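# Fold and geometry: a report
Below, each chain spelled out in residue letters.
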Amino acid sequence: ATPTALLVGTGRGAQLGLLIKGPEILESTRKVDTIVLDKTGTVTTGRMAVVDVAAEDDVLRLAGAVEAASEHPVARAIAAAAEERTGTLPAVDAFVNRAGLGVEGDVEGHCVQVGRAALTGSTPQLDAARADAEAAGRTAVLVAVDGAPVGLIAVADTVKPTSAAAIAQLRALGLRPILLTGDNQETARAVAAEVGIDEVIAEVLPADKAAVVARLQSEGRVVAMVGDGVNDAPALARADLGLAIGTGTDVAIEASDLTLVSGDLHAAGDAIRLSRATLRTIR
Ligand code: ADP
Ligand code: MG
């Protein structure tokens, strides 16, 4: 291959809003046939907001106090809503982040857990409210106080306005799109349906995202992965082509081969088209 054509390709990439780590990366995109997309912050904006609270104000306040110690988009939404509704939040002790599950800590002498049912436990009533929220594409977060599940907070994210068209474009390029997320099955399915993806791998712990990519590779797939979060970094590094969302975390950008500067998923299709065109020039 003549490096000149690859360098020209890299320059063209910059015009398209693609930061390409090295010219040789264009070569590795050639055989990509599968594109794994993280949900939160990649297909969706990741700017979450609390849309429903089925809990006493006191419970929301305790939940907000623990979430104030977390950087997760779900946590930011809950802490903001709690502060808005109940005022300055109390301090948290013994804070623990349980990756992919939620958070826990001690607030005003109570042990408070906030997150998935696997962490907090649930009740038939909370399960019914959770099913409703999830069917609507929301993330249902449960709150337990001193070991008893006592509330539910529904958090909504919105699909990026460009995602559905960008995914149609990826399909037109012959790629198989897969939605990968730590979020629950139902919420993930609702979001996938909204953007035209029919393959969903949900409830994947952060540590297991890279293993999902490896499994697809062992089935003979050549995998591109698009992600934004700290928890996507190992999967981005493992993928044959890692694409980071430019508005995402530095860790994800560092682990990737290519950055989509604006965060618009159309740039993923542009990258693959560019690489195919560049390599056609060379051959
Ligand atoms: P994603 O893959 O969508 O970025 P994560 O792996 O970070 O998601 O989290 C998976 C799920 O774990 C979230 O959808 C949420 O239900 C729960 N979760 C994670 N962190 C928190 C938190 N700080 N508070 C409440 N729930 C959380
Ligand atoms: Mg994400």
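As named in an unreviewed UniProt entry, the protein chain is Cadmium-translocating P-type ATPase, taken from Svornostia abyssi.

Here the focus is the overall build of the protein chain. Broken down by element type, the protein chain carries 13 helices and 13 strands. For the protein chain, whose C-alpha radius of gyration is 20 Å, the value lies close to the compact-globule estimate of 19 Å for 283 residues. Principal-axis analysis of the C-alpha atoms gives the protein chain an extent of 70 × 30 × 30 Å. A total of 283 residues make up the protein chain; the buried ones form 51% of that total. Sequence separation of at least 24 residues holds for 59% of the intrachain contacts in the protein chain that already meet a minimum separation of 6.

On to the sheet that holds strand E6 (residues 110-115). Spatially, the six strands line up as an open sheet ordered E3-E8-E7-E6-E5-E4, and their pairing is antiparallel. If you trace the sheet from one side to the other, it starts and ends with strand E3 (49-54) and strand E4 (93-98), each paired once. On average, adjacent strands in this sheet sit at an angle of 20° to one another, irrespective of strand direction. The sheet contact formed by E4 and strand E5 (residues 102-107) spans four bridges and is antiparallel. Within the sheet, the bridge partner assigned to Asp-93 lies in E5 and is Asp-106.

Let us look at the site of ligand 1. Around ligand 1, 22 residues are found, and the nearest of them are Thr-40, Ala-75, Gly-115, Gly-182 and Asp-183. Sorting the residues of the shell around ligand 1 by element identifies helix H3 (39-43), helix H5 (73-86), E5, E6 and strand E7 (139-145) as the ones contributing at least two each. For the shell around ligand 1, a count of residues per class yields seven nonpolar, eleven polar and four charged. Looking at which domains feed residues into the shell around ligand 1, each of domain 1 (3-45 + 159-282) and domain 2 (49-156) gives three or more.

Before going further, it helps to examine the domain arrangement of the protein chain. Assigned domains of the protein chain: these are domain 1 (3-45 + 159-282) and domain 2 (49-156). For domain 1 versus domain 2, the distance between C-alpha centres works out to 31 Å. Every contact between the two is made by 13 residues of domain 1 and, on the other side, nine residues of domain 2. Of all elements in the fold, only H3 and helix H9 (185-195) reach the threshold of two or more residues within the side of domain 1 that touches domain 2. For the side of domain 1 that touches domain 2, the per-class residue count stands at four nonpolar, six polar and three charged.

The contact between helix H4 (residues 57-67) and H5 brings their axes to 8 Å, and the two run at 135°. Considering the angle they form, H4 stands oblique to H5. The hand of the H4/H5 crossing is left-handed. Across from Asp-57, Leu-60, Arg-61, Ala-63, Gly-64 and Glu-67 in H4, the residues of H5 making contact are Ala-75, Ile-78, Ala-79, Ala-81, Ala-82, Glu-83, Arg-85 and Thr-86.

Cut-offs and rules
Per-chain numbering applies: the sequence of each chain, read as written, is numbered from 1 onward. By the order in which they are written, chains take letters starting at A while ligands take numbers starting at 1. Only residues with pLDDT of at least 70 are given local features in this predicted model, and only at 80 or more are side-chain atom pairs given and counted; all residues enter the totals for whole chains, interfaces and linings. Secondary structure follows DSSP: runs of H or I at least 4 residues long count as helices, runs of E at least 2 residues long count as strands, and numbering of each begins at the N terminus. C-alpha atoms define the radius of gyration in this analysis, and the globule rule sets the expected value at 2.2 Å times the number of residues to the power 0.38. To sort residues by burial, count the other C-beta atoms lying within 10 Å of each one's C-beta; a count of 20 or more means buried, 12 or fewer means exposed, and anything in between means partly exposed. C-beta atoms are built from the backbone. C-beta atoms are first placed from the backbone for all residues, and any pair lying within 7 Å is then listed as a contact. Pairing between two strands requires that DSSP report at least two bridges joining them. In this description, a line fitted to the C-alpha atoms serves as the axis of each element, helices being fitted only across the stretch in contact, and the angle between N-to-C directions of two axes falls anywhere from 0 to 180 degrees. Being near a molecule or strand means, for a residue, that its C-beta atom, positioned from the backbone, comes within 6 Å of it. Three classes are used, and their members are as follows: Ala, Val, Leu, Ile, Met, Phe, Trp, Tyr, Cys and Pro are nonpolar, Asp, Glu, Lys and Arg are charged, and the others, Gly among them, are polar. Where each domain starts and ends comes from a domain assignment, either automatic or drawn from a database. Here the word oblique covers every angle except those under 35 degrees (roughly parallel), over 145 (roughly antiparallel) and from 65 to 115 (roughly perpendicular). Definitions for this section: a left-handed crossing has its near helix turned counterclockwise from the far helix by less than a right angle. A right-handed crossing has that turn clockwise.

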